[in-house]
Amino acid sequence: MKKNVAVVGTGYVGLVTGACLAEIGHSVVCIDNDKKKIASLKKGGIPIYEPGLEEVVKKNRRAGRLSFAGSIAEGMKDAELVFIAVGTPPTPDGDADLSFVEAVAREVARHLTRYTVVVDKSTVPVHTGEKVQETMRLHGKPGAQFDVASNPEFLREGTAVKDFLHPDRIVIGVDSPRAEKALRELYAPLQPAPLIVTDIKSAELIKHSSNSFLALKISFINAVSRICESVGADVSLVAEGMGHDARIGKSFLKAGLGFGGSCFPKDLSAYIKMAEEAGYHFDLLKSVQKINADQRQWVARKLKKALWNLRGKTVAIWGLAFKPDTDDLRNAPALDIAAQLMGEGCKVRVHDPVAMDKAKPHLSGVYYAKDAYDAAKGADAVILVTEWKEYKDVDLKKVRASLHTPVFLDGRNVFDPKAMAALGFQYHSVGRPSA
Ligand code: UDX
């Protein structure tokens, strides 16, 4: 059943959510108070790099199912559901900054004209639903009819459109049958994806628990990689042997330079904080954070072994975005690694297929290369930090010839140690023996 929907926030989550809700047949207005962003969206601009998003936005704008507005007043006029999809960035002490969520809740309350389901799509700590409810009661007209719901997103950058249209599950946290009915109708076109209905608090915790568990798997295999490295075992074989156990599963057991992005680091610190407030010391997640931070030191450790003194040496970093198929640099390992190496006196040459323009304001004093080969030119080592397909397909003979010293640090275990040794590289990877 077609619904009128407003989505507040046109970032990774908001724009994907709005465009995909239109794609499954609803009438959607995406709202943002960033006038420049809205102006660009109205001209067909897409402010983020997300494969497939531009096509979905274009198609649904043409179909008249998707439009943009610069204010909540304008955008939510006919809305039956209003999604809050604004940022919840980490505060310095690791809390989630919910001031944008609060501002939207106030504004929505002021503009309610009919029963509306206000849906929290942003990743928020438990109890946020209650706070949104209180805020709306405080700022809305007396007797205003609305319900609040939680509908966490499980979108991965780089596959967000696919993840939305083909979800493993849809979680809705509600405390009224009316809100449940509205959300069931909204997501009906995504059947047969399982739709899990919970109370609001449980839905809020599902998001943080899911992300933290995924981060835990990554830190676990990275901790195992350290043991493999010292005993001479191969962590990719250990992960393969583990992953065949259906209870463990194959995914998120890739050892490497650890996780970055806007979600795992933020959600881990928010969960730890939230647990403290609930009287629980989540030491397990603190270890996940520590292992992840340590993994970024792997590069300098390995380079010192391979090149002895680092001062004056030239190193090439392949990949700046926190993972392939995105231009997102938030918590990207490459930025830390580049800073560490410059601190050791290295000259750093960097390349990324997509994220270099976004990197320039955050990373100065490095050479921005034209391509992977240019980055490697005259370098004493290549460090593969982000496993873009472009690097997997690179002509390794050409790379070897352009290097001053044939040292290759493979931070994502992309290449085969024997093949790399045969090509004349001094090859190091994470948790695997060199040839
Ligand atoms: C993640 C969750 O997957 C998604 O469900 C949630 O909604 C948002 O956070 P995202 O951060 O976009 O999505 O990327 P993801 O593909 O999950 O990778 C996260 C990080 O883990 C990346 O830095 C990646 O390099 C790293 N990673 C992933 C590993 O180091 N090893 C793995 O095996 C998998």
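No experiment lies behind these values; they were computed from the predicted model shown.

(A) Focus on the pairing of strand 12 (residues 381-384). Burial along strand 12 is two-sided: Ala381 and Ile383 facing one way and Val382 and Leu384 facing the other are all buried. Pairing between strand 9 (residues 314-318) and strand 12: 4 bridges, direction parallel. Pairing of Ile317 across the sheet is with Ile383, part of strand 12.

(B) Representation of the layout of surface pockets in the model. Estimates place the volume of the second largest pocket at around 280 Å³. Along the wall of the second largest pocket there are 16 residues; nearest its centre are Pro125, Val126, Met274, Ala275 and Glu277. Among the elements that line the lining of the second largest pocket, the one with the most residues is helix 11 (residues 264-277), at 6 residues. Here the lining of the second largest pocket is composed, by residue class, of 11 nonpolar, 1 polar and 4 charged.

(C) Molecular detail of the packing of helix 5 (residues 99-110) against helix 6 (residues 128-139). Contact pair helix 5 / helix 6: the axes reach a minimum separation of 8 Å and the direction vectors enclose 40 degrees. For the element pair helix 5 / helix 6, the angle class is oblique. The two elements helix 5 and helix 6 cross, and the hand of that crossing is right-handed. Listed contacts from helix 6 to Val101, Glu102, Ala105, Arg106, Val108, Ala109 and Arg110 of helix 5 are Thr128, Val132, Thr135, Met136 and His139.

(D) Molecular detail of the domain arrangement of the protein. Taken as a whole, the protein is organised into domain 1 (4-198), domain 2 (207-294) and domain 3 (296-429). Here the C-alpha centre of domain 3 lies 24 Å away from the C-alpha centre of domain 2. With 15 residues of domain 2 at the interface, the matching set in domain 3 holds 18 residues. Taken together, the two surfaces of domain 2 and domain 3 that pack against each other cover about 1300 Å², and 46% of this comes from carbon and sulfur.

(E) The arrangement of the pattern of salt bridges in detail. Enumeration according to the criterion identifies 29 salt bridges in this entry. With a shortest N-O distance of 2.7 Å, Asp163 and Arg156 are connected by a salt bridge. Members of the salt-bridge network, linked through shared partners, are Lys3, Lys181 and Glu185.

(F) Looking closely at helix 14 (residues 333-343). By the burial criterion, the buried members of helix 14 are Pro333, Ala334, Leu335, Ile337, Ala338 and Leu341. In this structure, the buried residues of helix 14 make contact with helix 13 (298-307), strand 9, strand 10 (347-351) and strand 12. One or two steps after helix 14, the chain reaches Gly345, where phi turns positive at roughly 90 degrees.

(G) Representation of the sheet that holds strand 10 in the model. The sheet built from 6 strands is open, its strands ordered 11-10-9-12-13-14 with parallel pairing. With partners counted over all chains shown, the strands left at the sheet margins are strand 11 (367-368) and strand 14 (426-429), one partner each. Pairing between strand 9 and strand 10: 5 bridges, direction parallel. Bridge pairing in strand 10 places Trp318 opposite His351.

(H) Structural detail: the environment of Ser364. By the element assignment, Ser364 lies in the loop between helix 15 (356-359) and strand 11. Residue classification places Ser364 among the exposed residues on the basis of a relative accessible area of 57%. As a C-alpha pair, Ser364 and Ala339 span 25 residues in sequence and 9.5 Å in three-dimensional space.

(I) Examining the side chain of Lys217 more closely. Among the secondary structure elements, Lys217 is positioned in helix 9 (residues 200-231). Although buried, Lys217 forms no salt bridge, and the nearest oppositely charged side chain, Asp245, lies 9.8 Å from it. Within the structure, the side chain of Lys217 is placed 3.5 Å from the backbone oxygen of Gly249, a separation counted as a polar contact. If near-sequence neighbours (up to four positions away) are discounted, Lys217 is found in contact with Ile248, Gly249, Ser251, Phe252 and Leu253.

(J) Molecular detail of the site of the ligand. Leu155, Glu157, Lys207, Lys254 and Lys323 are the nearest of the 19 residues found near the ligand. At 2.7 Å from an oxygen atom of the ligand is found a main-chain nitrogen or oxygen belonging to Glu157. One of the side-chain N or O atoms of Lys207 is found 2.8 Å from an oxygen atom in the ligand. Across the complex, the protein chains shield 93% of the 660 Å² of accessible surface that the ligand would expose by itself. A total of 3 residues in the shell around the ligand trace back to one element, the largest contributor, which is helix 9. Grouping the amino acids of the shell around the ligand by side-chain chemistry returns 9 nonpolar, 3 polar and 7 charged.

(K) Local environment of the packing of aromatic side chains. Per the counting criterion, the structure on display carries 10 aromatic pairs. Summarising the aromatic geometry, the rings of Phe164 and Tyr187 are spaced 6.4 Å apart at their centres and angled 45 degrees between planes, so their arrangement reads as tilted. Of this pair, Phe164 sits in helix 7 (residues 160-165) while Tyr187 sits in helix 8 (residues 177-187), placing them 23 residues apart in sequence. A relative accessible area of 3% means that Tyr187 is categorised as buried. Seen in terms of ring centroids, Trp318 and Phe408 are 5.6 Å apart; in terms of plane orientation they differ by 80 degrees. Their pairing is edge-to-face. Remark: Phe408 occurs in strand 13 (residues 407-410) and Trp318 occurs in strand 9; sequence separation between them is 90 residues. For the pair Trp318 and Phe408, a shared accessibility class is recorded, and that class is buried. In textbook terms, an aromatic cluster arises when at least three aromatic residues are bridged by ring pairs, as seen for Trp318, Tyr391, Phe408, Phe415, Phe425 and Tyr427. The positively charged end of Arg169 is found above the aromatic ring belonging to Phe154, 3.5 Å away from the centroid. The aromatic ring of Tyr368 is capped on one face by Lys360, whose charged end is 5.2 Å from the ring centroid.

About the criteria used
Here the residue index of a chain counts from 1 through its sequence in written order. Where local features are concerned, this predicted model is filtered to residues with pLDDT of at least 70; where side-chain atom pairs are given and counted, the filter is 80 or more; whole-chain, interface and lining totals use all residues. Neither water nor hydrogens contribute to the side-chain values; these are computed over all heavy atoms in the structure. Accessible area is worked out with a 1.4 Å probe on protein chains only. A residue is then buried under 20% of its type maximum, exposed over 50%, and partly exposed in between. Helical segments are the DSSP runs of H or I of at least four residues, strand segments are the runs of E of at least two, and each set is numbered from the N terminus. One bridge is not enough; two strands pair if DSSP finds at least two bridges between them. Definitions used for this entry: grid spacing 1 Å over protein atoms alone; cavity, a set of points where a 1.4 Å probe fits but cannot get out; pocket, an open set with protein on both sides within 12 Å along at least 5 of 7 lines; lining residue, one with an atom within 4 Å of a point. Grid points are joined across faces, edges and corners, and a volume is the space filled by probe spheres set on the points. The residue classification treats Ala, Val, Leu, Ile, Met, Phe, Trp, Tyr, Cys and Pro as nonpolar and Asp, Glu, Lys and Arg as charged. All others, Gly included, are polar. Fitted lines through C-alpha atoms give the axes, limited to the stretch in contact for helices. The angle between two N-to-C directions lies from 0 to 180 degrees. Under this scheme an angle from 65 to 115 degrees is roughly perpendicular, one under 35 degrees roughly parallel, and one over 145 degrees roughly antiparallel; angles in between are oblique. Crossings are classed by handedness, with left-handed meaning an anticlockwise turn of the near helix from the far one by less than a right angle and right-handed meaning a clockwise turn. Residue contacts are counted whenever heavy atoms from the two residues lie within 4.5 Å of one another. How far each domain reaches was decided by an automatic or database domain assignment. Summed over both partners, the accessible area (1.4 Å probe) lost when two parts come together is defined as the buried area. For salt bridges, the criterion is a side-chain nitrogen of Lys or Arg within 4 Å of an Asp or Glu carboxyl oxygen. When charges are tallied, Lys and Arg are placed among the positive residues and Asp and Glu among the negative ones, while His and the ends of the chain are skipped. N or O atoms within 3.5 Å of each other form a polar contact, as long as, within protein, one can give a hydrogen and the other can take it, and as long as residues adjacent in sequence are counted only when both atoms are side-chain atoms. Near is defined per residue: the residue qualifies when any heavy atom it owns lies within 4 Å of the molecule or strand. To measure how exposed things are, a 1.4 Å probe is used in the Shrake-Rupley method; for residues, cover is taken only from the protein chains shown. For Phe, Tyr and Trp, where Trp contributes only its six-membered ring, two rings pair if their centres lie within 6.5 Å, and the inter-plane angle classes them as stacked under 30 degrees, edge-to-face over 60, or tilted in between. Both a distance and an angle decide whether a charge sits over a ring: NZ of Lys or CZ of Arg must be within 6 Å of the ring centre and within 35 degrees of the ring normal.

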